[in-house]
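Examination of the molecular architecture
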Amino acid sequence: MSNYFTENQDIQFQFNRIDLEEIIRIREDDYQQARKYPYAPTDYEDAKDNFKRILEVVGDISGNFVSERAREVDQLGSTFEDGKVTYAKGLEEAMKRLNQAGLMGFILDREYGGLNLPITLYVFAIEMVSRGDASLMNLFGLQDISETIENYGSDEIKNEYLPKFCTGEVSGAMVLTEPDAGSDLQAVKTRAYQDEEGNWYLNGVKRFITNGNADVCLVLARSEDGSRDGRGLSLFVCYGDDTVQIRRIEHKLGIKGSPTCEMQFHDTPAQLIGSRKRGLIAYVMALMNGARLGVAAQALGIAQAAYVEARRYAQEREQFGKSILHFPAIADMLVKMKVDLETSRTLIYATSKAVDMLKVSETELARLKEAGASITDLRAQVKHWKSMADFLTPLSKYVISEKANRICYDAIQIHGGTGYMQEFNVERHYRDVRITNIYEGTSQLQVIAAIGGVIRGVADAEFDAHEARSYRHEARQLANRLKKIRALLEKSKSYVLEQDDKAYQELHSAGLVEMYGSLYVGYLLLDEAADDSRKMLIAKKYIMDAMSTAMAHTESITKGFDTLFADVDQILTNE
Amino acid sequence: MPLHTIVLVKQVPDTSNISGEVMRPDGTVNRARLPAIFNPEDREALELALRLKDEHGGKITALTMGPPNAAKMLRECLFMGADRVILVSDRRFAAADTLATSYALYKAIHHIGEYDLIFAGRQAIDGDTAQVGPQTAEKLGISQITYTQEILSLDLKKRSIRARRAIKNGYEILEAPLPILLTVVKNAAEPRPFDVKRLCTYKKAKSKFEIEEMVDDSHDLVWMDELMNKALENDLYIETWNIEDIDADVSMCGLAGSPTKVHKVENVVLSGSEFKQVPATDEGLNEMISELMQDHIFG
């Protein structure tokens, strides 16, 4: 029996540290919502107490209910028969449980029966749910779909769909990918057309759709005849009724509880979300950003599960007359795993806060505009948080999912041969985590999404502010190292930009993004270390490693065209 | 009339966590040292009642007789879905045995008024008597089904209920008229989690004692009235009743009303007896199996 919230000290540390005061004040309309809804908080303290209680419920369900079913869910998987998808029993039960606790309208407005919680809370919840069962996240974590309806749908659409999401009456699917439109969604072919009365219908085939058997589908389709790129695409909402045929489900490496469907739309009645032509370029981009943060949290949860298994096994397993935990190579792996986990949390909560800040500053901006007040300051604020959220979201997805993969890999390594067997959970975690650096945009695409922020220096002002601070003792040494990393970064960045070669820039984007990301996290860790002496150890290990990595990246980047890149064709000529 | 169900609940010391520290030298348990929890079978009783409410609608009242801090458990009843909670608490109820307890509950139920069903856990983990439910039914003069495992059907038109009841080596299915009291055994219904909206709402529900505590230092009675009215207005008052409220006879309550006398408390020390080591070989195992079969432990 274990509560994934109350018994996870690092989650507690992050929860107690996080400052959402401004975010909550705005989300709660200066706590006016409490007048209308008895479950709305009356002040920030009350809100934080609510958050704690809600996460306790999530932690309890994840640790004591979901986790107990995860192995069986993985073994049974989803099944497909006569055109119908059936979830594994344990997954069904887990969904029911989350529903009973009223957790399905997590981020939606109270107007529709939601909990009006910030994204930051959602990230805590997704990590815990994913630790219990990675595949359950794909159902619980699909609430971005209803959020997209909330953000861009008409009142009529919102009133029709959102209350059903909140009660758990319907589940959703994000229906974007097609056989020939994966990473490149501009190539979407599914067609949307109107009849004489202006009603929309959908025709086409979609593939790799998580929970494609859902009751409500959010579908990206080509509404503009003759168009070829993203500007011809619009976003639609429809019911998964008889006109939507599930053709098959995929047999996958991991997250087997979550069905991945191929689906065909046969003149499916649909409603347009927002305005035409803005489907991909505006709405899906926002939707994807939310989903990316969710996947980062999912990766974190799986990695936490794998770490706990590895830590316990290393302690219990004895070889050569002692616990293997005491062998330097094993201890080193575990320390690295732990540091990666904790620093990933530091990063993800900075990201979620930026996303929350963006959302509330947009709300404020709209409110002030309506009131006819001055909006200059707020405009700048929105711009700032938008650039931070746009940089940190792909950075989080990239860094955390890659690290999570490494953690699960090492968790098997620590188990040795037994870890390769299905009797142990690490084998499942290893399979489950593998998708996290692929779906919702591969790592390579996250790098492309994040590199702009690095080139523009979105966090430079924060780095400057940190550099101007006076640190003492150990923190000072670490701050000096961060300065050195920054110098290396600048050197590499200038070198890359000077090359004026797009392929070369693209090739080395990953190194630049990693360096910039490690600077950002490094400074956050120094802040944490100022409040908690144990965190100084985490900061130290992290920054030392980041320094070595930055040196290696710089060496590789500034070596110029000596890299193998120029010789690709020759190297790949034969099998 | 919509279905009205009363659930009898008790806050108990968590006896699953007894360690050396909580045992007194005389072998009794120092309850104050144990965390207070919702008696597990009572929680399942509430879950069964909630499932009937999910299906048939109606209203659930959770009722407890206990110390002021039992308000914590009543809040949990609200978090799970109870509509109304009542704390029957008075110093004069202290040290009640099952007879005095069932008398107080009977009087409280009488005071509540009309009802169709009463649910209770089979027994509480602190006393393990399994008497309070049946005695309460007797005093109310209604039917009872004890050791309920499952509700098979509830027919509100015919006013009857069918339930499966555990008996030694099996079960039996009973049908009985309403109103009725049912006691519920472990694993009858896994209790639902707290509903987070209810959690955020009813965390603020307070009993009379808790409101008194808030104004304790100031003795400001006006403030107390205000707090009380506000709690009532917002549906956040945990109704708190004393002996007079339920019109109970003092001589039948608490220690005075309890004929049970503890004759002797024996301090039982559990210790292992002799053991035998079985070598992990086929021969060793075969030998052990034949020995167990000879002793009729299995085979």
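Reading the values: rules and limits
Residues numbered from 1 in each chain as written. Chains lettered and ligands numbered in written order. Predicted model: local features only at pLDDT ≥ 70, side-chain atom pairs only at ≥ 80, totals over all residues. Helix = DSSP H or I, 4+ residues; strand = E, 2+ residues; numbered from the N terminus. Buried ≥ 20, exposed ≤ 12 C-beta atoms within 10 Å, placed from the backbone. Contact = placed C-beta atoms within 7 Å. Nonpolar A, V, L, I, M, F, W, Y, C, P; charged D, E, K, R; others polar. Pairing = 2+ DSSP bridges. Expected span 1.5 Å × (residues − 1). Core = buried A, V, L, I, M, F, W, Y, C linked by C-beta atoms within 7 Å. Domains from an automatic or database assignment. Axes fitted to C-alpha atoms, helices over the stretch in contact; angles between N-to-C directions. Parallel < 35°, antiparallel > 145°, perpendicular 65-115°, else oblique. Left-handed = near helix turned anticlockwise from the far one by under 90°.

The next thing to look at is the overall build of chain A. What chain A contains, in helices and strands, is 20 helices and eleven strands. Sorting the 575 residues of chain A into buried and exposed places 50% on the buried side. If you take every contact in chain A between residues at least 6 apart in sequence, the share linking residues at least 24 apart comes to 75%.

Counting secondary structure elements, chain B contains eight helices and twelve strands. Counting only C-alpha atoms, chain B reaches 80 × 55 × 40 Å along its principal axes. Of all 299 residues assigned to chain B, the portion counted as buried reaches 37%. Considering only residue pairs separated by 6 or more positions, chain B has 71% of its internal contacts joining residues 24 or more positions apart.

Now for the interface of chain B and chain A. By convention, interface size is frequently given as the accessible area that disappears when the constituent parts associate. Across the contact, eleven residues belong to chain B and 14 residues belong to chain A. In terms of residue class, the side of chain B that touches chain A is built from five nonpolar, two polar and four charged.

What follows deals with the pairing of strand 1 (residues 4-8) of chain B. All names here are of chain B. The buried fraction of strand 1 is high, at five of five residues. Here strand 1 shows no split at all, with His4, Ile6 and Leu8 on one side and Thr5 and Val7 on the other all buried. Both strand 1 and strand 4 (residues 59-65) contribute to a ladder of five bridges, which runs parallel. Each residue of the ladder has a partner; that of Val7, found in strand 4, is Ala62. Note that strand 1 and strand 6 (residues 117-121) share four bridges and pair parallel. By the bridge assignment, Ile6 is partnered in strand 6 with Ile118.

All names here are of chain B. Between its terminal C-alpha atoms helix 3 (residues 98-112) stretches 21 Å, which fits the 21 Å expected from 15 residues at 1.5 Å a residue. If you check which residues of helix 3 are buried, you get Ala100, Thr101, Ser102, Tyr103, Ala104, Leu105, Tyr106, Lys107, Ala108 and Ile109. Packed against the buried residues of helix 3 are strand 1, strand 4, strand 5 (84-88), helix 4 (132-140) and strand 12 (237-241). Downstream of helix 3 by one or two residues, Gly113 has phi in the positive range, about 105°.

Moving on: the nonpolar core. Ranked by internal contacts, the top residues of the largest apolar core, which has 234 residues, are Phe236, Ala303 and Cys408 of chain A together with Ala104 of chain B. Per-element accounting of this core gives the leading share, 20 residues, to helix 10 (residues 279-316) of chain A. The residues that make up this core include at least three from each of domain 1 (171-279) and domain 2 (459-563) of chain A. Among residues more than four places away in sequence, those in contact with Cys408 of chain A are Ile302, Ala303, Ala306, Val426, His429, Tyr430 and Val433 of chain A.

In this section: the sheet that holds strand 9 (residues 170-177) of chain B. One open sheet accounts for ten strands, arranged 9-8-7-10-6-1-4-5-12-11 (chain B); its pairing is mixed. What marks the edges here is a single partner per strand, and that holds for strand 9 and strand 11 (206-207) of chain B.

Take the domain arrangement of chain A next. Under the domain assignment, chain A is made up of domain 1 (171-279) and domain 2 (459-563). Taking only C-alpha atoms into account, the centre of domain 1 of chain A sits 41 Å from that of domain 2 of chain A.

What follows deals with the pairing of strand 3 (residues 172-175) of chain A. Residues and elements named next belong to chain A. A two-sided burial pattern is seen for strand 3, the buried positions comprising Gly172 and Met174 on one face and Ala173 and Val175 on the other. Both strand 3 and strand 6 (residues 216-222) contribute to a ladder of four bridges, which runs parallel. The residue of strand 6 that forms the bridge with Val175 is Val219.

To continue, consider the environment of Lys276 of chain B. Secondary-structure assignment places Lys276 of chain B in the loop between strand 12 and helix 8 (282-294). Expressed as a C-alpha distance, the spacing of Lys276 of chain B and Ile151 of chain B, which sit 125 residues apart in the sequence, is 47 Å.

Now for the packing of helix 11 (residues 328-371) of chain A against helix 12 (residues 376-415) of chain A. All names here are of chain A. Where helix 11 meets helix 12, the closest approach of the two axes is 7 Å, and the angle between their N-to-C directions is 155°. Considered as vectors, helix 11 and helix 12 are oriented roughly antiparallel to each other. For the pair helix 11 and helix 12, the crossing hand works out as left-handed. For the contact of helix 11 with helix 12, the per-class residue count stands at 23 nonpolar, seven polar and seven charged.

A separate point is the environment of Gln245 of chain A. Summarising the element assignment, Gln245 of chain A is placed in strand 8 (residues 244-249). Distance from Gln245 of chain A to Leu202 of chain A, taken between C-alpha atoms, is 12 Å for residues 43 residues apart in sequence.

Residues and elements named next belong to chain A. Axis separation between helix 8 (residues 143-152) and helix 10 bottoms out at 10 Å; the angle between their running directions is 145°. Two packed elements cross with a definite hand, and for helix 8 against helix 10 that hand is right-handed. Contacts between helix 8 and helix 10 involve Asp144, Glu147, Thr148, Asn151 and Tyr152 on the former and, on the latter, Tyr283, Ala286, Leu287, Gly290, Ala291 and Gly294. A class-by-class count of the residues in the contact of helix 8 with helix 10 yields five nonpolar, four polar and two charged.

The next point concerns unusual backbone geometry. The omega torsion of the bond from Leu178 of chain B to Pro179 of chain B falls at -10°, within 30 degrees of zero and hence cis. Inspection of the secondary structure assignment puts Pro179 of chain B in the loop between strand 9 and strand 10 (180-184). Phi at Asn211 of chain A takes a positive value of approximately 55°, unusual for a residue other than glycine. In this structure Asn211 of chain A comes out as buried when scored by C-beta crowding, with 24 C-beta atoms within 10 Å. We note that Phe320 of chain A has phi near 50°; this positive angle belongs to a residue other than glycine. Within the fold, Phe320 of chain A resides in the loop between strand 10 (318-319) and strand 11 (322-323).

All names here are of chain A. Assignment of secondary structure puts Leu300 in helix 10. Take Leu300: there are 30 C-beta atoms within 10 Å of it, and that puts it in the buried class. Put simply, Leu300 and Tyr523 are 223 residues apart on the chain and 21 Å apart in space, counted from C-alpha to C-alpha. In contact with Leu300, other than residues within four places in its own chain, are Glu127, Ser344, Arg345, Ile348, Ile400 and Ala404.

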